[in-house]
Amino acid sequence: MKEGTKYQPLLNFLRGSDQSEIILSFAEIETLINDTLPNSAKSKRAWWSNRSKGALQALAWIEAGYRVEDVDFDQQQVKFYKPPNNFQVQVKGDTVLWNGELIKALRLHMGLTQAEFAERLGVYQQTVSQWENNAYQPTLATSKYLTLVADRAGFKYIERG
């Protein structure tokens, strides 16, 4: 991120935090950056998307190791989530056993909502929600596919022996 962009103070704030989740109000972000957020930030989810190209605001949280997990326009706040750098995964044979935390981390790594992630995988959004809440585990076939998707997305994990 270029020094001196107006989102540099947000980057510095997030970088200085060791919390895995941070909720900031729009007003708190405006105080940090000493400027008002654009109207699109207060009404459009796309402004908060985790895209690393062309969006200076997204670069601020991505470079600090965070992803936007949720935006609440009624409460005027945003929830940032810091995925661990390396997930430990269990393996059965040559198949990674995907659990809720791992699936959620992959989805956030890819910067997708549950609905977008579900569409990408060819499943229902409710299925993704149930995986993330550990209500269900993906099938072995789906786990193999998740591993493929994760590898393509550059998602890092460590196999636990």
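Residues numbered from 1 in each chain as written. Predicted model: local features only at pLDDT ≥ 70, side-chain atom pairs only at ≥ 80, totals over all residues. Heavy atoms only, no water.

A. Here's a closer look at the environment of V149. Tracing the backbone shows V149 in helix α8 (residues 140-153). Among the residues examined, V149 registers a relative accessible area of 11% and is labelled buried. Put simply, V149 and R120 are 29 residues apart on the chain and 9.2 Å apart in space, counted from C-alpha to C-alpha. The residues touching V149, leaving out its near neighbours within four places in the chain, are L106, M110 and L121. (Helix = DSSP H or I, 4+ residues; strand = E, 2+ residues; numbered from the N terminus. Buried < 20%, exposed > 50% of the residue type's maximum accessible area, 1.4 Å probe, protein only. Contact = heavy atoms within 4.5 Å.)

B. Quick look at the layout of surface pockets. The space that makes up the largest pocket amounts to roughly 320 Å³. Contributing to the lining of the largest pocket are 16 residues, with R45, V68, E69, L112 and T113 lying nearest its centre. Counting residues per element, the ones that place at least two in the lining of the largest pocket are β2 (67-72), α5 (100-109) and α6 (114-121). A per-element tally of the lining of the largest pocket places β2 first, with four residues. The residue inventory of the lining of the largest pocket, partitioned by class, reads six nonpolar, five polar and five charged. (1 Å grid on protein atoms, 1.4 Å probe; cavity = no way out; pocket = protein on both sides within 12 Å on 5 of 7 lines; lining within 4 Å. Points joined across faces, edges and corners; volume = space filled by probe spheres on them. Nonpolar A, V, L, I, M, F, W, Y, C, P; charged D, E, K, R; others polar.)

C. Representation of the nonpolar core in the model. Ranked by size, the top nonpolar core spans 24 residues in total, and within it L14, L37, W48, W61, V78 and F80 carry the most contacts. Mapped onto this core, the elements with two or more residues apiece are α1 (8-15), β1 (21-25), α2 (26-33), α4 (56-63), β2 and β3 (77-81). The leading source of residues in this core is α4, at four residues. The residues contacting W48, other than those within four sequence positions of it, are F26, I29, L37, A41, W61, V68, V71, F73, V78 and F80. (Core = buried A, V, L, I, M, F, W, Y, C linked by side-chain atoms within 4.5 Å.)

D. Broad picture of the sheet that holds β1. An order of β1-β3-β2 is seen for the three strands of this open sheet, with the pairing classed as antiparallel. The strands lining the two open edges of the sheet, one partner per strand, are β1 and β2. Direction aside, neighbouring strands of the sheet carry axes that sit 20° apart on average. Direction of pairing for β1 relative to β3: antiparallel, over a ladder of five bridges. Bridging across to β3, E21 finds its partner in Y81. (Pairing = 2+ DSSP bridges. Axes fitted to C-alpha atoms, helices over the stretch in contact; angles between N-to-C directions.)

E. The arrangement of the pattern of salt bridges in detail. Applying the stated criterion across every chain yields a total of seven salt bridges. One salt bridge connects K79 with E21, and the closest N-O pair in it is separated by 3.7 Å. Residue K79 is found in strand β3, and its partner E21 is found in strand β1; the two are separated by 58 residues along the sequence. The class of K79 is partly exposed, set by a relative accessible area of 22%. Assessed through its relative accessible area of 36%, E21 is described here as partly exposed. E132 is paired through a salt bridge with R107; the nearest N and O atoms lie 2.5 Å apart. Of this pair, E132 sits in helix α7 (residues 125-132) while R107 sits in helix α5, and the two are 25 residues apart along the sequence. E132 sits in the buried class, given a relative accessible area of 12%. (Salt bridge = Lys/Arg side-chain N within 4 Å of Asp/Glu carboxyl O.)

F. How the structure looks around the side chain of R67. Structurally, the position occupied by R67 is in strand β2. The buried charged residue R67 lacks any salt bridge partner; its closest oppositely charged side chain belongs to E63, at an N-O distance of 10 Å. (Lys, Arg positive; Asp, Glu negative; His and termini not counted.)

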